[in-house]
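Coordinates in review
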Amino acid sequence: MNTLSTLFYISMAAWFLTEFLYKNMLKSGKEDQKNKDKSTLNILWLAIPFSIMSSIFISYNTHFTIAAGIWILYLGELLILTGIIFRYMIIRSLGKYFTVDVTIRQDHKIKKEGFYKYLRHPSYAFSLLTSLGLGLYLNNWLSLVFAFVPPFLAFAHRIKIEEQALVEQFGDEYIEYRKSTKKLIPFIY
């Protein structure tokens, strides 16, 4: 096993471990406004493992090469690591306001600085960057589709539910914030 593949397996384990820890340690509390989530966390926990397993399975059983050369593997691994690290940083920056379920804290405020100056959902954006990196690392067009599309659709559904809760809580303040930011990709979407 070469260094790159070892790094890939370590980063995949780190991805799973961090997401497992987030899911189990960063849930809403008893005093929070719950019942906003509408099972989006369950949908994400179905979509993401499905996308990972299916994209890996597809890469071993089909050959729809994205690019010749090893550079695509390095690019994929770079995106995986960037996604994991920056998602962690964003979750840390939100502090007590980050929960894995769609929840409004009692003293909740809209974060508008850092990545939030440009994106309303940067933690989802970096999670999707990790998925994109997986698809590129596998160097298979069909794997790329399966690595990226199911999580994207799950996050799109969650964003809809989350933004509805934020508009209900913050009204015009959140509506104005939405006008000046993008959902997932700076300046584009």
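Residues numbered from 1 in each chain as written. Predicted model: local features only at pLDDT ≥ 70, side-chain atom pairs only at ≥ 80, totals over all residues. Heavy atoms only, no water.

1. Here's the deal with the layout of surface pockets
The volume enclosed by the largest pocket comes to roughly 740 Å³. Along its surface, the largest pocket is lined by 40 residues, and Phe98, Thr99, Ser123, Tyr124 and Arg158 are the ones closest to its centre. Those elements giving two or more residues to the lining of the largest pocket turn out to be helix H1 (3–25), helix H2 (40–61), helix H3 (71–94), helix H4 (122–138), helix H5 (141–170) and helix H6 (172–179). The biggest single contributor to the lining of the largest pocket is H2, with 7 residues. (1 Å grid on protein atoms, 1.4 Å probe; cavity = no way out; pocket = protein on both sides within 12 Å on 5 of 7 lines; lining within 4 Å. Points joined across faces, edges and corners; volume = space filled by probe spheres on them. Helix = DSSP H or I, 4+ residues; strand = E, 2+ residues; numbered from the N terminus.)

2. Topic: the confidence of the model for the chain
In low-pLDDT regions, the fine details of the predicted coordinates are not to be read closely. Mean pLDDT over the chain: 92, with 96% of residues reaching 70 or higher. Ranking the helices and strands of the chain by mean pLDDT puts H4 first, with 98, and H1 last, with 94. (pLDDT = per-residue confidence, 0-100.)

3. Describing empty space enclosed by the protein
Taken as a whole, this structure holds 1 cavity of 30 Å³ or more when the rule is applied. The space that makes up the largest cavity amounts to roughly 40 Å³. Lining the largest cavity, in full, are Trp15, Thr18, Glu19, Tyr22, Gly83, Ile84, Arg87, Tyr88 and Thr130. Split by residue class, the lining of the largest cavity holds 4 nonpolar, 3 polar and 2 charged. (Nonpolar A, V, L, I, M, F, W, Y, C, P; charged D, E, K, R; others polar.)

4. Some details on the pattern of salt bridges
With the rule as written, the count across this model stands at 8 salt bridges. Across the pair Glu113 and Lys111 runs a salt bridge, and its minimum N-O distance is 3.3 Å. Its relative accessible area of 46% is what places Glu113 among the partly exposed residues. For Glu163, the salt bridge identified is with Arg178, shortest N-O distance 3.6 Å. Of this pair, Glu163 sits in helix H5 while Arg178 sits in helix H6; the two residues are 15 residues apart in sequence, bridging distant segments of the chain. By relative accessible area, which is 6% here, Glu163 ends up buried. (Salt bridge = Lys/Arg side-chain N within 4 Å of Asp/Glu carboxyl O. Buried < 20%, exposed > 50% of the residue type's maximum accessible area, 1.4 Å probe, protein only.)

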